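Each chain is listed here by its residues.
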Amino acid sequence: MASHIILPPEDADENHHQEEEEREELGHDDGERAPPEHPPKAALPFSATCVRISRDSYPNLRALRNASSVSLADAAYVKISEGDFGYVLDDVPHLTDYVPDIPTYPNPLQDHPAYSTVKQYFVNEDDTVPQKVVVQKNSRRGVHFRRAGPRQRIYFGPDEVKACIVTCGGLCPGLNTVIRELVCGLSHMYNVNSIFGIQNGYKGFYSSNYLPLTPKSVNDIHKRGGTVLGTSRGGHDTKKIVDNIQDRGINQVYIIGGDGTQKGAYEIFKEIRKRGLKVSVAGVPKTIDNDIAIIDKSFGFDTAVEEAQRAIDSAHVEACSAENGIGLVKLMGRYSGFIAMYATLASRDVDCCLIPESPFYMDGEGGLLQYIERRLKENKHMVIVVAEGAGQDLIAKSIAKSDQQDASGNKLLLDIGLWLTHKIKEYFKSKKMEMTIKYIDPTYMIRAIPSNASDNVYCTLLAHSAIHGAMAGYSFTVGMVNGRHTFIPFYRVTSTRNKVKVTDRMWARLLSSTNQPSFLSQKDIDEASEADRHANRPPLPMGASHRVASSFEQSASTSSNGES
Ligand SMILES: Nc1ncnc2c1ncn2[C@@H]1O[C@H](COP(=O)(O)OP(=O)(O)OP(=O)(O)O)[C@@H](O)[C@H]1O
Ligand SMILES: O=P(O)(O)OC[C@H]1O[C@](O)(CO)[C@@H](O)[C@@H]1O
Ligand SMILES: [Mg+2]
């Protein structure tokens, strides 16, 4: 039988007595809103034995935190189930973990004219999806996530649901499609009529009126770029947000946004759980940079790569039409160069791609300037694609450092495109070599457009999975893992960022397609491998159980969205 492990919360006081421990484990504090008088026993939605690890049975909690990036406070929300042959389920929280005696209802989809004909429409409660699909003969089964999809029984009555939707962070193609499909899906599949839009990001929870949304009012929005709800950075005030959720009787919260937004969603969930509220929180991960951990790909990414082609094509035309012409295109990617890498691979006209994950240098043997000179002498033109986060260390050396941040605390970047243009011009002037450089910065153009056909379908599936999960009482970030939709614990998508691995075959393909130098020394490669190893190490439970820990270690050896 599977065993279910709930790790205890952080507490420095080793002599804390049992009752307080239990209250804390359930996330209660002594704030204004009193927790339920009798903390309920977790009714596990997964057939499992619940093993609560006490301070005695697990004395080395600080070591756990040190060995992994999950804080001990967050460890209270981690749900791990073990099965045979090294099977581990990294489960998501459920309302029954902390709200007692919730009635359940048959899923109305069983009588729905469209869905009831589907054979095996409902997902088996025990279905899970492996994080790692490439295995060897003797591999342990490894880490799994709960499979998304409609459940036979739901935890909200037909007229009970009051849902809200918020979009946060930067724009991304497909935001409006997700909003549309959440509204239409809730209404058409579960007969929910009370749906509200939160305006302008997190701060809209407490500073703006909630916007009533109906299938009619969102009918055409997927054809438009941006978000009809508005978005913003900053303004996340957990207490105020949850006060408003509680005061307005909202019981399903759909949160669309990137890594920062999902961190915010996690904080909201924790506060909701602390207060013992019957509210599901469903995160839909969004980021054009495709840097969200665990998931195969974020929505809007395909559209962005496609749109980037237009800029690269223009750069190529400009470069080919001038004597020693250089076309330079800057694409988005603050910490991860996925858009630049995929746009380069798709285009085949690019001679050099620079990304944040692969350091480069300008001068001397093997440097960028020498490569550009050689390429111009060979081809008479060249195209360079640079991700906005690339080369920031180089700029910082030559320009007085400005450590500015945006409202969410993200570092504001210096313009690598302008800096490169200047450096390249200077170099060829000193060499007295004729050349022309055209710098194209389409950054906002690639994210302000509506999503393409495949992203539209992807957005629909993500929205539907989010709805099914919330109706079934889970709180989670939805995401595709190895081609299957899953419910992923918040802490998993927020604790690391997905990056291009310069030691993987995909980057090697790029180098072979552009013929650019790798700019990497053996030391850089070793450091990159080490960084990959750390970034991939799941933030979990060294020592919670040898079997669990080793399954996590094993899952770390292959990332789901890195290599093909
Ligand atoms: N650690 C955090 N805890 C709580 N809220 C956060 C945290 N980090 C960011 N947020 C909130 O999430 C929202 C969006 O964050 P951010 O601006 O970083 O964008 P994002 O969601 O990462 O999207 P993207 O980077 O793709 O544009 C902001 O309102 C911000 O206040
Ligand atoms: O200028 P804004 O709106 O803050 O957005 C810029 C950032 O947003 C992102 O697109 C992520 O959404 C980054 O690549 C980029 O640096
Ligand atoms: Mg972000």
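Not measured: the values here are computed from a predicted model.

## Here's the deal with the sheet that holds strand S15 (residues 352-354)
Strand order in the open sheet formed by 4 strands is S15-S16-S14-S17, and the pairing between neighbours is parallel. At either end of the open sheet lies a strand with only one pairing partner, and these are S15 and strand S17 (436-440). Sheet twist, expressed as the mean angle between neighbouring strand axes with direction ignored, is 15°. One ladder, built from 7 bridges, connects strand S14 (residues 325-331) with strand S16 (residues 381-387); its direction is parallel. Bridged to Gly327 within S16 is Val383. On top of the sheet, helix H12 (residues 416-430) reaches S14, S15, S16 and S17; it is set at about 160° to S14, its chief contact.

## Quick word on the UniProt feature "binding site: substrate" (unreviewed entry) in the protein
When the UniProt feature table is mapped onto this chain, "binding site: substrate" (unreviewed entry) is found at Thr287, Ile288, Asp289, Met332, Gly333, Arg334, Glu388, Tyr444, Met445, Ile446 and Arg447. Look past the residues within four positions of Asp289 in its chain and what remains in contact with it is Met332, Gly333, Arg334, Ser336, Phe338 and Ile339. One can find Met445 in the loop between S17 and helix H13 (453-471).

## Notes on the packing of helix H8 (residues 301-320) against helix H9 (residues 338-347)
H9 packs onto H8 with a crossing angle of 60° between their chain directions and a minimal axis gap of 9 Å. Relative to H9, H8 is oriented oblique. In the crossing of H8 with H9, the sense of the turn from one axis to the other is right-handed. Here Phe301, Ala304, Val305, Ala308, Gln309 and Ile312 of H8 come into contact with H9, specifically with Phe338, Ile339, Tyr342, Ala343, Ala346 and Ser347.

## Here we look at the UniProt feature "binding site: ATP" (unreviewed entry) in the protein
Here the UniProt feature "binding site: ATP" (unreviewed entry) sits at Gly170, Arg233, Gly234, Gly258, Asp259, Gly260 and Thr261. Spanning 92 residues, the annotated positions come together in the fold, the maximum distance between their C-alpha atoms being 12.9 Å. Looking at the secondary structure, you find Gly260 in helix H7 (residues 259-274). Classification of Gly260 by relative accessible area gives partly exposed; the value is 42%. Looking at where Thr261 falls in the secondary structure, it is placed in helix H7.

## What to know about unusual backbone geometry
The backbone of Arg348 shows a phi angle near 70°, a positive value even though the residue is not glycine. When you line up the elements, Arg348 lands in the loop between H9 and S15. One non-glycine residue, Lys380, adopts positive backbone phi at about 70°. Checked against the element boundaries, Lys380 lands in the loop between helix H10 (368-379) and S16.

## Some remarks on the pairing of strand S19 (residues 484-488)
For S19, a buried count of 4 out of 5 residues is recorded, marking the element as mostly surrounded by other parts of the structure. Looking at chain direction, strand S7 (residues 142-147) and S19 are connected through 2 bridges and run antiparallel. Considered in S19, the bridge of Arg147 is made with Thr486. Hairpin geometry of strand S18 (residues 476-481) and S19 is characterised by an intervening segment of 2 residues between the two adjacent antiparallel strands and by a positive phi of about 50° at Asn482.

## A few points about the site of ligand 2
Taken together, the residues surrounding ligand 2 are Arg233, Ile288, Asp289, Met332, Gly333, Arg334, Glu388, Tyr444 and Arg447. Within the backbone of Gly333, a nitrogen or oxygen atom sits 3.4 Å from an oxygen atom of ligand 2. Between ligand 2 and the protein, one listed contact pairs an oxygen atom with a side-chain N or O atom of Tyr444 at 2.4 Å. Of the residues assigned to the shell around ligand 2, the class counts are 3 nonpolar, 1 polar and 5 charged. Built from parts of two domains, the shell around ligand 2 gets at least three residues from each of domain 1 (75-298 + 451-494) and domain 2 (302-402 + 412-450 + 501-534).

## Quick word on the packing of aromatic side chains
Counting across every chain of the model gives 14 aromatic pairs. Here the aromatic rings of Tyr77 and Tyr266 are separated by 6.3 Å at their centres, their planes lie at 80°, and the arrangement is edge-to-face. Here Tyr77, found in the loop between helix H3 (72-75) and strand S3 (79-82), pairs with Tyr266, found in helix H7; they are 189 residues apart in sequence, far enough to count as distant. Of the two residues examined, Tyr77 and Tyr266, each falls in the buried class. With centroids separated by 6.1 Å and ring planes inclined at 35°, the aromatic side chains of Phe269 and Phe490 adopt a geometry described as tilted. Highlighted residues: Phe269 in helix H7 and Phe490 in helix H14 (residues 490-494), separated in sequence by 221 residues.

## Digging into the environment of Arg497
Counting through the fold element by element, Arg497 comes out in the loop between H14 and helix H15 (505-514). Sequence-wise, Arg497 and Val192 are 305 residues apart; in three dimensions their C-alpha atoms are separated by 35 Å. Those residues in contact with Arg497 that sit more than four places away from it in its chain are Asp259, Asp291, Tyr335 and Ser336.

## Here we look at the site of ligand 1
Around ligand 1 lies a shell of 18 residues, among which Gly170, Gly234, Asp259, Thr261 and Ser408 are the nearest. Interatomic distance of 2.8 Å between a side-chain N/O atom of Arg233 and an oxygen atom of ligand 1. Burial of ligand 1 by the surrounding chains reaches 83%, relative to a free accessible area of 630 Å². A total of 5 residues in the shell around ligand 1 trace back to one element, the largest contributor, which is H7. Along the lines of polarity and charge, the residues of the shell around ligand 1 split into 1 nonpolar, 13 polar and 4 charged.

## Points about H13
Here H13 contains 19 residues, and its C-alpha end-to-end distance of 27 Å stays within 8% of the 27 Å for a straight helix at 1.5 Å per residue. A large share of H13 lies buried, amounting to 15 of its 19 residues. One side-chain oxygen at the N-terminal end of H13 lies 3.3 Å from the backbone nitrogen of Ser454; it belongs to Asn452. One or two residues past the end of H13 sits Gly473, with phi positive at roughly 95°.

## Some details on the pairing of S3
Of the two faces of S3, the one carrying Lys79 and Ser81 and the one carrying Ile80 and Glu82 are both buried. Here 4 bridges tie S3 to strand S4 (residues 87-91), and the two strands are oriented antiparallel to one another. Among the inter-strand pairings, Glu82 is bridged to a residue of S4, identified as Val88. Where S3 folds back onto S4 in an antiparallel hairpin, the turn is made up of 4 residues, including Phe85, whose phi is positive at roughly 55°.

What counts and what doesn't
- Residues numbered from 1 in each chain as written.
- Chains lettered and ligands numbered in written order.
- Predicted model: local features only at pLDDT ≥ 70, side-chain atom pairs only at ≥ 80, totals over all residues.
- Heavy atoms only, no water.
- Pairing = 2+ DSSP bridges.
- Helix = DSSP H or I, 4+ residues; strand = E, 2+ residues; numbered from the N terminus.
- Axes fitted to C-alpha atoms, helices over the stretch in contact; angles between N-to-C directions.
- Contact = heavy atoms within 4.5 Å.
- UniProt positions renumbered as here; feature names shortened; annotations may be inferred.
- Parallel < 35°, antiparallel > 145°, perpendicular 65-115°, else oblique.
- Left-handed = near helix turned anticlockwise from the far one by under 90°.
- Buried < 20%, exposed > 50% of the residue type's maximum accessible area, 1.4 Å probe, protein only.
- Near = heavy atom within 4 Å.
- Polar contact = N/O pair within 3.5 Å; in protein donor to acceptor, adjacent residues only side chain to side chain.
- Nonpolar A, V, L, I, M, F, W, Y, C, P; charged D, E, K, R; others polar.
- Domains from an automatic or database assignment.
- Phe/Tyr/Trp six-rings, centres within 6.5 Å; stacked < 30°, edge-to-face > 60°.
- Areas by Shrake-Rupley, 256 points an atom, 1.4 Å probe, with all protein chains shown as cover.
- Expected span 1.5 Å × (residues − 1).

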